Amino acid sequence: MTNIPEWTMHDGYKIPVTGLGTYTLKGEQGVESMTAAIKNGYRLFDSAIRYDNEGTLGEAVKRSGISRDDLFLTSKLRAQYYDYDRALEMIQESLYRANLSYWDLYLLHWPNPKQDQYVEAWKALITAQEKGWVRSIGVCNFMPEHLERLEKETGVKPVINQIELHPYFSQKEQREYNKQHEILTEAWSPLERAGSVLNDETLQNIANQHNKSVGQVVLRWIYQLDTISLPRSSNTHRQRENLELFDFELSDEEIEKINGLTREDGRIADQDPREYEEF
Ligand SMILES: NC(=O)c1ccc[n+]([C@@H]2O[C@H](COP(=O)([O-])OP(=O)(O)OC[C@H]3O[C@@H](n4cnc5c(N)ncnc54)[C@H](OP(=O)(O)O)[C@@H]3O)[C@@H](O)[C@H]2O)c1
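Residues numbered from 1 in each chain as written. Predicted model: local features only at pLDDT ≥ 70, side-chain atom pairs only at ≥ 80, totals over all residues. Heavy atoms only, no water.

1. Some remarks on the pattern of salt bridges
Scanning the model with the defined rule gives 18 salt bridges in all. Taking the shortest distance from any N to any O, the salt bridge between arginine 97 and glutamate 93 comes out at 3.8 Å. Remark: glutamate 93 and arginine 97 occur in helix H3 (residues 84-98); sequence separation between them is four residues, near one turn of the helix. For glutamate 93, a relative accessible area of 31% corresponds to the partly exposed category. Salt bridges here are not isolated pairs; linked through shared partners, they connect Glu28, Glu59, Lys62 and Arg63. (Salt bridge = Lys/Arg side-chain N within 4 Å of Asp/Glu carboxyl O. Helix = DSSP H or I, 4+ residues; strand = E, 2+ residues; numbered from the N terminus. Buried < 20%, exposed > 50% of the residue type's maximum accessible area, 1.4 Å probe, protein only.)

2. Looking at the site of the ligand
Taken together, 28 residues form the shell around the ligand, and within it Asp46, Arg193, Arg232, Ser233 and Arg238 come nearest. Between aspartate 46 and the ligand, the recorded distance is 2.6 Å, taken from a side-chain N or O atom to an oxygen atom. Take tyrosine 51: an N or O atom from its side chain is 3.3 Å from a nitrogen atom of the ligand. Bound to the protein, the ligand loses 87% of the 910 Å² it would expose on its own. Tallied by class, residues from the shell around the ligand come to eleven nonpolar, ten polar and seven charged. (Near = heavy atom within 4 Å. Polar contact = N/O pair within 3.5 Å; in protein donor to acceptor, adjacent residues only side chain to side chain. Areas by Shrake-Rupley, 256 points an atom, 1.4 Å probe, with all protein chains shown as cover. Nonpolar A, V, L, I, M, F, W, Y, C, P; charged D, E, K, R; others polar.)

3. Let's talk about the environment of threonine 56
By the secondary structure assignment, threonine 56 is in helix H2 (residues 54-64). C-alpha of threonine 56 to C-alpha of glutamate 173: the two residues are 117 residues apart in sequence and 36 Å apart in space. Those residues in contact with threonine 56 that sit more than four places away from it in its chain are Leu25, Lys26, Gly27, Gly30, Val31 and Met34. Of the polar contacts made by the side chain of threonine 56, one reaches the backbone nitrogen of glycine 27; its length is 3.3 Å. (Contact = heavy atoms within 4.5 Å.)

4. Considerations on helix H1 (residues 27-40)
Under the 1.5 Å per step criterion, the end-to-end length of H1 is 20 Å for 14 residues, consistent within 8% with the ideal 20 Å. Taken together, the buried positions of H1 are occupied by Gly30, Val31, Ser33, Met34, Thr35, Ala37, Ile38 and Asn40. Here the buried face of H1 lies against strand E3 (20-21), strand E4 (44-46), H2 and helix H9 (236-241). Once H1 finishes, glycine 41 follows within two positions and takes phi at roughly 115°, a positive value. (Expected span 1.5 Å × (residues − 1).)

5. Observations regarding the packing of H2 against H3
Their axes nearest at 7 Å, the elements H2 and H3 cross at an angle of 40°. Between H2 and H3, the angle falls in the class oblique. Of the residues in H3, those touching H2 at Glu54, Gly55 and Gly58 are Ser94, Arg97 and Ala98. Broken down by class, the residue content of the contact of H2 with H3 amounts to one nonpolar, three polar and two charged. (Axes fitted to C-alpha atoms, helices over the stretch in contact; angles between N-to-C directions. Parallel < 35°, antiparallel > 145°, perpendicular 65-115°, else oblique.)

As structure tokens, this is what we get:
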């Protein structure tokens, strides 16, 4: 079983450098996928209220036989609950659903700038942290202007910013901004949701050089960008494959080649956080 390295967040807690994405994993099949992942060595799990699978994750934790404290469990607040009081209720509800006494990490799912409630929701996450319901707090899909407002209006900086990141949308500026502000970047849809990245010729050539799969090269590239990856797989073979990242290294030249694949319009579904809203 692979031993997954960890990085330290600016609040002092540690986080594994890769974990399982759980979007669409739910019900009995979802529990089976997640328990398989725990057996395969995954410790970080990325769920969300919006995925309707916090109960699935809680059930997998219960069945796994692993101590809850050895896992790193994440959920996210959806924007329809960004009212301060509603947010606090929903974070508690989220704990009840997963049968947990705390979440390791709780994130705001989208900034939804037109809704303009993310600062209020952030204040609720700060309160939830003070109450011990969540250990670390962070955000997803935040751009510099959103992050600046959080710090200016609350004095509290997120530990994590989870953003869309894969070879066709490599987010250089946002990654650099996060790093300058001691915010760790997490990559969502790192495999471009099994899109054309997996058939990219440049990536295939690099993979051949290392006797690895394209998926492994992509996940290794993300690791070498000091970014956490959250690949999702319901398949136990691919779950294991996606953890075998620590026995090879990409050269600077290979990293640059992969960086060169990024495109202005590379987002999977054109979800620009300045415009896109999700509730
Ligand atoms: N914060 C946000 O706004 C946000 C948005 C989107 C996603 N996320 C998070 O990020 C996670 C990952 O993103 P995602 O689920 O959209 O997509 P993804 O992880 O990029 O891709 C998942 C797809 O890739 C396939 N796959 C996995 N490993 C593979 C491999 N080694 N070779 C070939 N195919 C492989 C999976 O199929 P099999 O299951 O058949 O292996 C699945 O169809 C989500 O699950 C969620 O936790 C967050």
